[in-house]
Amino acid sequence: METLAVVMEKPEHLSLRRLDLVEATADDIVVDIAWSGISTGTERLLWTGRMPQFPGLGYPLVPGYESVGTVVMAGEASGHRVGESVFVPGSRGFRDARGLFGGAASRLVVAGRRAVTLDAADSGPEGVLMALAATAIHAVQAQGAALPDLIVGHGVLGRLLARVAVALGASPVVWEKNQDRQSGAAGYTVLDPDADSRRDYPTIYDVSGDESLIDLLISRLAPGGELVLAGFYERPIKFDFAPAFMREARIRIAAEWREADLDLTRRLIASGRLSLDGLITHTQPACNAEAAYRTAFSDARCLKMILDWRAHP
């Protein structure tokens, strides 16, 4: 089998070309992808060549870890059946390119245990947002975690984190300097950080990925407050010790979602308490992948870019 895939040949050089797929085993499924999302965090780092060393990192590579499609072949031990709609967090099933993270392709060979069955209501293009929503939920569901009082960044992850917080009973403030991203709040407040003088936030969640903000954010914590790093940072994290010491600040790192987080995401969506509406702002056919990636990484009005693979078997 083969697939049509987005391939980052080297930093800032992208192609759309055919790749051979590995042979599916009894534990695998083959998925025809309908939509895949472009991450403006990790995929931007892959695009620019600034991605920190990661297992499997190297070029050429197939990016993407937010894909939705239909199972067209199911191994007897895969736990899935033909015709299911599934969310796929990537694949390593390519013979002549690395799969990091391997979801941006028209057809994928995926271990059945990694694919998540979707209900009909989740199987449209908004389904690609399930992983980001679950990532936001994972950040607030850690043992002893408090809901955010301040969220830094109003991109798609910041909006999802704010929506999750509202769904769970909080009313956070969100910082966003870019005027193109300040609209769209529902149940929370968006401020330019220069307009906010508060210095007693009990819990701050940073999703900006900007390590230069750490000292500023520590200065805005209440004594004993917690700073949660929920973005992805390309450079080492460092901070001035004395201000953190005087506040007895706590710093926590939030990692990627787990299956339980995805289950809660689906329950919140099904109950109407969490909406994914309005977060996909741009869609391009997969044949326009290079232009789509450039828009996703350069246009602040683009919250989420989706590639449509349905015309590309």
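Conventions used here
- Residues numbered from 1 in each chain as written.
- Predicted model: local features only at pLDDT ≥ 70, side-chain atom pairs only at ≥ 80, totals over all residues.
- Heavy atoms only, no water.
- Helix = DSSP H or I, 4+ residues; strand = E, 2+ residues; numbered from the N terminus.
- Buried < 20%, exposed > 50% of the residue type's maximum accessible area, 1.4 Å probe, protein only.
- Pairing = 2+ DSSP bridges.
- Axes fitted to C-alpha atoms, helices over the stretch in contact; angles between N-to-C directions.

### Some words on unusual backbone geometry
And then number 1: Here the amide bond leading from Y59 into P60 is cis, since omega sits at 0 degrees, within 30 degrees of zero.
And then number 2: Turning to its location among the elements, P60 is positioned in the loop between helix 1 (42-48) and strand 4 (61-62).
And then number 3: Positioned with a positive phi, E12 is a non-glycine residue whose angle comes to about 65 degrees.
And then number 4: Topologically, E12 is positioned in the loop between strand 1 (2-10) and strand 2 (13-20).
And then number 5: Under the relative-accessibility criterion, E12 is labelled partly exposed at 47%.
And then number 6: Of note, E248 is a non-glycine position whose phi angle comes to about 50 degrees, a positive value.
And then number 7: Tracing the backbone shows E248 in the loop between helix 5 (241-247) and strand 15 (250-253).
And then number 8: The exposure class of E248 is exposed, given its relative accessible area of 64%.

### What about the sheet that holds strand 12 (residues 189-191)?
And then number 1: Pairing is parallel in the open sheet, where 6 strands are placed in the order 12-11-10-13-14-15. Where the open sheet ends on each side, the last strands, each with one partner, are strand 12 and strand 15. Strand-to-strand, the axes of this sheet are offset by a mean angle of 20 degrees, without reference to chain direction.
And then number 2: Taken together, the 3 bridges between strand 10 (residues 150-152) and strand 13 (residues 201-206) define a ladder with parallel strand orientation. From the neighbouring strand, L150 faces strand 13, where its bridge partner is I204.

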